[in-house]
Amino acid sequence: QVQLVESGGGLVQPGGSLRLSCVASGFTFSNYFMSWYRQAPGKERELVARITGAGVEIKYADSVKGRFTISRDNAKNTIYLQMNSLKPEDTAIYYCSVQILLRRYWGQGTQVTVSS
């Protein structure tokens, strides 16, 4: 049974930083791309960052390039999202995700709020 559990969200002031974590189980973690998505109120869910199984290839949304860093620790079945220079428009629920065959799995999400 695939499980994804995110943590690390919270309230932060503009310009601040947060580090999100996602612990995965139920599949061979190192074999799969892992992704972070986010969904802001009234908006569609969007891809934030994606990393290959070995961590060699990484893709970012243009809106977060240079501010966010995705990484993974295959020994711990965990991916991370380091978020720096946060802006109010980064406010959203952040989801960890993996696609296995034809199904995409999601975590429960963690709320990130950027506000003064």
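Residues numbered from 1 in each chain as written. Predicted model: local features only at pLDDT ≥ 70, side-chain atom pairs only at ≥ 80, totals over all residues. Heavy atoms only, no water.

Asker: Account for the nonpolar core, naming residues and giving values.
Answerer: The biggest cluster of nonpolar side chains holds 31 residues, and the ones touching the most others in it are Leu4, Phe27, Met34, Trp36, Leu81, Met83 and Tyr94. Contributions of two or more residues to this core are made by β3 (18–25), β4 (34–39), β5 (46–51), β7 (68–73), β8 (78–83), β9 (92–100) and β11 (110–114). Looking at which element gives the most residues to this core, the answer is β9, with five residues. Setting aside anything within four residues of it in sequence, one finds Leu4 in contact with Cys22, Val23, Ala24, Phe27, Met34, Cys96, Ser97, Val98, Tyr105, Trp106, Gly107 and Gln108. (Core = buried A, V, L, I, M, F, W, Y, C linked by side-chain atoms within 4.5 Å. Buried < 20%, exposed > 50% of the residue type's maximum accessible area, 1.4 Å probe, protein only. Helix = DSSP H or I, 4+ residues; strand = E, 2+ residues; numbered from the N terminus. Contact = heavy atoms within 4.5 Å.)

Asker: Account for the environment of Gly16, naming residues and giving values.
Answerer: Mapped onto the elements of the fold, Gly16 is located in the loop between β2 (10–12) and β3. Distance from Gly16 to Trp106, taken between C-alpha atoms, is 26 Å for residues 90 residues apart in sequence. When neighbours within four sequence positions are excluded, Gly16 is seen to be in contact with Met83, Asn84, Ser85 and Leu86.

Asker: Go over the state of the cysteines, please, and point to the residues and values.
Answerer: Taken as a whole and assessed by the stated rule, the structure comprises one disulfide. One disulfide bridge connects Cys22 with Cys96, the sulfur atoms lying 2.1 Å from each other. The sign of the S-S torsion, about -75 degrees, decides the handedness of the disulfide formed by Cys22 and Cys96: left-handed. Of this pair, Cys22 sits in strand β3 while Cys96 sits in strand β9, and the two are 74 residues apart along the sequence. Assigned by exposure class, Cys22 and Cys96 land together as buried. (Disulfide = S-S within 2.5 Å.)

Asker: Explain the packing of aromatic side chains to me, and be specific about the residues and the numbers.
Answerer: Tallying each qualifying case throughout the model produces four aromatic pairs. Centre to centre, the rings of Phe27 and Phe29 are 6.2 Å apart; their planes meet at 50 degrees, and the pair counts as tilted. Overall, the relative accessible area of 2% leaves Phe29 in the buried class. Judged by centre distance (4.9 Å) and plane angle (75 degrees), the ring pair of Tyr37 and Trp106 falls under edge-to-face. (Phe/Tyr/Trp six-rings, centres within 6.5 Å; stacked < 30°, edge-to-face > 60°.)

Asker: An account of the sheet that holds β7 is needed here, citing residue identities and associated values.
Answerer: Neighbouring strands of a sheet are bound in pairs by backbone hydrogen bonds; such pairs are parallel or else antiparallel. Strand order across the open sheet formed by four strands is β1-β3-β8-β7, with antiparallel pairing between neighbours. A strand with exactly one partner marks an edge of an open sheet, and here the two such strands are β1 (3–7) and β7. The sheet shows a mean angle of 15 degrees between the axes of neighbouring strands, taken without regard to direction. Alignment of β3 against β8, held across six bridges, turns out to be antiparallel. By the bridge assignment, Ser21 is partnered in β8 with Tyr80. (Pairing = 2+ DSSP bridges. Axes fitted to C-alpha atoms, helices over the stretch in contact; angles between N-to-C directions.)

Asker: Any details on the pairing of β3? Residues and values, ideally.
Answerer: In the sheet, β1 pairs with β3 via five bridges, with the strands oriented antiparallel. Looking at the pairing, Val5 lines up with Val23 of β3.

Asker: Could you give an account of the pattern of salt bridges, with specific residues and numbers?
Answerer: Following the criterion strictly, the structure yields four salt bridges and no others. Lys65 serves as the salt-bridge partner of Asp62, at 3.1 Å between the closest nitrogen and oxygen. With its nearest N and O atoms 2.7 Å apart, the salt bridge here joins Asp90 to Arg67. Highlighted residues: Asp90 in the loop between β8 and β9 and Arg67 in the loop between β6 (58–60) and β7, separated in sequence by 23 residues. Among the residues examined, Asp90 registers a relative accessible area of 0% and is labelled buried. (Salt bridge = Lys/Arg side-chain N within 4 Å of Asp/Glu carboxyl O.)

Function cannot be read off these values alone, since they describe shape.
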